[in-house]
Amino acid sequence: MRPRSTLTRAAAATAVLLTAVAALAGCGSSSQDTANGKVLTIATHDSWAMSKDVMAEFKAETGITVRIAKNGDVGELTNKLVLTKGDPIADGVFGIDNTFATRAIDEGVLAKFTPPIAPASLSRFELTDNGESYLTPIDYGDVCVNVDDTWFAQHKIPEPKTLDDLIDPRYKNLMVTPAATTSSPGLAFLLATIGHYGTTGWKAYWQKLLDNGVKIDAGWTDAYEVDFTAGGGHGDRPIVLSYSSSPPFTVPKGGTKPTTSALLDTCFRQVEYAGVLKGAKNPQAMQKFISFMINKQFQAALPDNMYVYPADTSVALPADWSTWAPVSPDPIAVSPADITKNRTQWLDEWRDLTTR
């Protein structure tokens, strides 16, 4: 899900998981520790990763060991939580985003919780239901079209800038995107087109994209790392759907600037949340961890570990992010309520359109 190699992301997540398992092994009876609140289980998406030092700090502060339970992408994660809401699979959840948040709230998956102390900037990402808070914003990222600057310079073709440009015949057979039905960023791109062209115009736009030769892959990894010309897989598509945080990772060894750039007029903003699951065995442990996730140490570690922007906007970004990974000044928006109401229909219509 994040703009680095699958191996890197998986290795980072595995390291965290192995650390947690090792810690559990040294804690005596895991069932006893669970009963006394010393083990916290968090259901997440597959892209979870956090440094061992940060996680160790939480244990040092609280005596609680965190066990990470990965559950696929955000859609699969949310579905599992809904299906098991009578007997939750974890104490808390991290990674539900604004494309699925209202479904989790409406289905009664989450318990009410508001951190007693929170950075002021979190308020702009808040989701409430009848004035009640169930989810705490942790990070955000802009899903945007990216281009291979080097390829376009070599071929002496001007780079596209907008969604409209992508249907120009000059860019025929040059774009690849992950599917909306099987990929979180793919869904975000679909929502960007709905937000920009409206509920009556997005299907006509997608038909023009298809007529212009857009390639649709199952997931971000295939699109970016196999088919994208700058992704390392010797692909033949110099336009790809990725993140505004992707370009810093294309700075060549010994270089000073990325070989790619994000088109900031094409972005849809994803916000990721954490929450306590209703019926959790250790809700207080999850409350403590949510408060820890919004402190400056955890927030500052997010860019290098999960390749997202901290929700606490007072936290300094890595130097290369500040230079080469600006967020969109005006991301395309679709309200979470509209997404919840129409998601299934939009995906069905998108599937019908793209599989003709």
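See the structure shown above.
Structure report, in brief. Small disclaimer: the values here were computed from a predicted structure and weren't measured. Residues take numbers from 1 onward in each chain, read along the sequence in its written order. Local features in this predicted model are restricted to residues whose pLDDT is 70 or higher, and side-chain atom pairs enter the listing and the counts only when it is 80 or higher, whereas totals over whole chains, interfaces and linings include all residues. Side-chain numbers come from the whole structure's heavy atoms, not from hydrogens or water.

With that settled, the discussion passes to helix H7 (residues 184-197). Strands are runs of DSSP state E lasting at least two residues, helices are runs of H or I lasting at least four, and both sets are numbered from the N terminus onward. Take the number of residues in a helix, subtract one, and multiply by 1.5 Å to get its expected span. Between its first and last C-alpha, H7 extends 20 Å over 14 residues, near the 20 Å set by a 1.5 Å rise per residue. Of all 14 residues that make up H7, eleven are buried, and the element is covered over most of its length. Along H7, the positions that sit buried rather than exposed are Ser184, Pro185, Gly186, Leu187, Ala188, Phe189, Leu190, Leu191, Ala192, Thr193 and Ile194. If you check the start of H7, you find a side-chain oxygen 3.1 Å away from the backbone N of glycine 186, and it comes from serine 183. In the segment just after H7, glycine 198 is the residue with positive phi, at about 85°. Burial here depends on accessible area, computed with a 1.4 Å probe over protein chains only, as a share of the maximum for the residue type. Under 20% is buried, over 50% is exposed, and the range in between is partly exposed. Here a polar contact means two N or O atoms within 3.5 Å. Within protein one must be a hydrogen donor candidate and the other an acceptor candidate, and residues neighboring in sequence count only if both atoms are side-chain atoms.

We call Phe, Tyr and Trp rings a pair once their centres come within 6.5 Å, taking the six-membered ring for Trp, and we label the pair stacked below 30 degrees between planes, edge-to-face above 60, and tilted otherwise. One pass over the full model with this rule turns up 18 aromatic pairs. With a centroid separation of 5.7 Å and an interplanar angle of 85°, the aromatic rings of tryptophan 206 and tryptophan 350 are classed as edge-to-face. Remark: tryptophan 350 occurs in helix H13 (residues 336-354) and tryptophan 206 occurs in helix H8 (residues 202-211); sequence separation between them is 144 residues. The burial state of tryptophan 206 is the same as that of tryptophan 350; both residues are buried. Geometrically, the ring pair formed by tyrosine 224 and phenylalanine 228 is tilted, given 5.0 Å between the ring centres and 50° between the ring planes. In terms of burial, tyrosine 224 and phenylalanine 228 fall into one category: buried. Through successive ring pairs, a cluster of aromatic residues spans Trp48, Phe58, Phe94, Phe289, Phe292 and Phe298. One residue, arginine 124, lies across the ring of tyrosine 140, its end atom 5.5 Å from the ring centre. When the NZ atom of lysine or the CZ atom of arginine is within 6 Å of a ring's centre and also within 35 degrees of its normal, the charge is said to sit over that ring. Taking the ring centre of phenylalanine 100 as reference, the NZ or CZ of arginine 343 above it sits at 4.2 Å.

Direction of pairing for strand E1 (residues 39-44) relative to strand E2 (residues 65-70): parallel, over a ladder of six bridges. Each residue of the ladder has a partner; that of alanine 43, found in E2, is alanine 69. The β-α-β motif built from E1, the intervening helix H3 (residues 52-62) and the parallel element E2 has right-handed crossover chirality. When DSSP finds two or more bridges between two strands, those strands count as paired. The handedness rule is simple: strands pointing away from the viewer, and a clockwise path from the first strand over the helix to the second, make the crossover right-handed.

What follows deals with the pattern of salt bridges. Basic side-chain nitrogens of Lys or Arg form a salt bridge, by our definition, when they fall within 4 Å of a carboxyl oxygen of Asp or Glu. Under the criterion given, the structure shown has ten salt bridges. For the salt bridge of lysine 80 with glutamate 76, the shortest nitrogen-to-oxygen distance reads 3.7 Å. Of this pair, lysine 80 and glutamate 76 both sit in helix H4 (residues 74-83), four residues apart, which is roughly one turn of that helix. Close ionic contact of arginine 269 with aspartate 142 constitutes a salt bridge, the shortest N to O distance being 2.7 Å. Placement of arginine 269 in strand E12 (residues 268-277) and of aspartate 142 in strand E7 (residues 136-148) is noted, with a sequence separation of 127 residues between them. Aspartate 142 carries the same exposure label as arginine 269, and that label is buried.

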